[in-house]
Amino acid sequence: MTTAQTPQLDVQPSPLALLLLGRGADPKSERGVECPGDLPAPSDPDLVERARAAKAKLGDKVFVLGHHYQRDEVIQFADVTGDSFKLARDAAARPEAEYIVFCGVHFMAESADILTTDDQKVVLPDLAAGCSMADMATAEQVAECWDVLTEAGVAEQVVPVSYMNSSADIKAFTGKHGGTICTSSNAKRALDWAFEQGEKVLFLPDQHLGRNTAVREMGMSLEDCVLYNPHKPNGGLTAQQLRDAKMILWRGHCSVHGRFSLESVEDVRARVPGVNVLVHPECRYEVVAAADHVGSTEHIIKTLEAAPAGSKWAIGTELNLVRRLANRFAAEDKEIVFLDRTVCFCSTMNRIDLPHLVWTLESLAEGTLVNRIEVDRETEAFAKLALERMLALP
């Protein structure tokens, strides 16, 4: 068939396809959200001075939060650094700051808005800075999952536990259904609490953190865990499988931590004799099982701080942080390398760059509020309930 004979098909991309291409607009999405405004050129040599000047002009009116996975060029302007929950709590502890500029991703800014006062305005420098893991569980999919659990006769036995790395909608679902939020550092405590409330847990949205915590820290077996796939009828599970399971894991993962493999661990041990392998619990089960140490972002930092001079470490987490730690501890003769040979940044976290930060700070300094993240009242109420349950954990 020639080109002239080829029929013209009227194919319209779906809303999801547009979001994935970055050409859609959905305030509740973790990615593909348009970001208005004219940004300064990345090559502008005055960007650092412009950021300093705008931040100085704003003074105490602005409080800048920097997640550990941010670029160095952005981190230098952060008033505090940390993981997502620590930063949200830091924001809540600064009620005098009118603007909270969150250099992180969408769900983190939502959490900050939930925990701060109504007078404070949370700003995300680039609205397209999202989280692929958080996007793997939508409110509609989770509601359908709950219907499946209800039809299987197990919903009343199930307590939802949602990872901090989830949208405000998922946190609200969790709060509404009697569940709690967890971080990578308190997942076991959250699960202990959940199993005191019910017989089963629906763990959202990261399957690896749920599986690693249940099996490695709580003594469950891999057979106690089933994987719910929202893209398959009934999650790809039978009613009997749901009845037999203790942990119902959502089929979600971190695109950065999920790339580390058992081969990565074996390779680095061959290349660096005497190396200590330290990984985040968002990594796959076989990677965590083969590692020497496992822990949250804050745990990784503290472990390296306490490590003896001359020790060697391969770190399985985001590259910006690994590189920053390698530079920080080089003077102490600590050898720190990335676990995988292939360089891998968190692509959405890296959307927050210096031009976006400069544009944000200068806009705020001129009295123009941009890229505000605001969670609606009903969602906020139930999401805050789930977060407060976590804060009350022993």
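Look above for the structure.
Residues numbered from 1 in each chain as written. Predicted model: local features only at pLDDT ≥ 70, side-chain atom pairs only at ≥ 80, totals over all residues. Heavy atoms only, no water.

Describing the overall build of the chain
And step 1. If you tally the helices and strands in the chain, you get 17 helices and 14 strands.
And step 2. Projected onto its principal axes, the C-alpha positions of the chain cover 65 × 65 × 60 Å.
And step 3. For the chain, the residues scored as buried account for 55% of the 394 residues in total.
And step 4. Intrachain contacts of the chain at a sequence separation of at least 6 include 67% that bridge at least 24 residues. (Helix = DSSP H or I, 4+ residues; strand = E, 2+ residues; numbered from the N terminus. Buried < 20%, exposed > 50% of the residue type's maximum accessible area, 1.4 Å probe, protein only. Contact = heavy atoms within 4.5 Å.)

Details of the packing of aromatic side chains
To describe a pair of aromatic rings, one takes the distance between the centres and the angle between the planes.
And step 1. Applying the stated criterion across every chain, the model contains 3 aromatic pairs.
And step 2. Their ring planes at 80 degrees and their centres at 5.6 Å tell us that W146 and F173 sit as a pair that is edge-to-face. Of this pair, W146 sits in helix 7 (residues 139–151) while F173 sits in helix 8 (residues 168–176), placing them 27 residues apart in sequence. Each member of the pair, W146 as well as F173, is classed as buried.
And step 3. Ring geometry for Y228 versus W250: centroids 5.3 Å apart, planes at 25 degrees, classification stacked. Taken together, the positions of Y228 in strand 8 (residues 225–228) and W250 in strand 9 (residues 247–250) put the pair 22 residues apart, joining distant regions of the chain. A single burial state applies to Y228 and to W250, both of which are buried.
And step 4. Sitting over the ring of F63, R94 keeps its end group 4.2 Å from the ring centre. (Phe/Tyr/Trp six-rings, centres within 6.5 Å; stacked < 30°, edge-to-face > 60°. Lys NZ or Arg CZ within 6 Å of the ring centre and 35° of its normal.)

Some remarks on the state of the cysteines
And step 1. Tallied over the entire structure, the rule returns 0 disulfides.
And step 2. The structure places no disulfide on C131, whose sulfur is separated from the nearest cysteine sulfur, that of C254, by 6.8 Å. (Disulfide = S-S within 2.5 Å.)

Quick notes on helix 10 (residues 207–217)
And step 1. Counting buried residues along helix 10, 9 of its 11 residues qualify, which places the element largely inside the surrounding structure.
And step 2. Residues of helix 10 that are buried: Q207, H208, L209, G210, R211, N212, T213, A214 and V215.
And step 3. Within two residues after helix 10, G219 carries a phi angle of roughly 75 degrees, on the positive side.

Focus: the nonpolar core
And step 1. Counting residues in each nonpolar core, the largest one holds 107 residues, and the members touching the most others are V101, F203, M247, L304, I336, L339 and L361.
And step 2. When sequence neighbours within four positions are dropped, the list of residues in contact with F203 reads V161, C182, L191, L209, G210, M247, I248, L249 and W250.
And step 3. Core analysis: the second largest hydrophobic core is formed by 21 residues, L149, V158, L202 and V226 among them. (Core = buried A, V, L, I, M, F, W, Y, C linked by side-chain atoms within 4.5 Å.)

Examining unusual backbone geometry
And step 1. Of note, the amide linkage connecting L204 to P205 takes the cis form, showing an omega dihedral of -20 degrees.
And step 2. Turning to its location among the elements, P205 is positioned in the loop between strand 7 (200–204) and helix 10.
And step 3. Its identity as a non-glycine residue notwithstanding, N234 has a phi of 55 degrees, on the positive side.
And step 4. Residue position: N234 is located in the loop between strand 8 and helix 11 (239–244).
And step 5. Using a relative accessible area of 40% as the deciding quantity, one classes N234 as partly exposed.
And step 6. Notably, N371 is not glycine yet its phi reads approximately 50 degrees, a positive angle.

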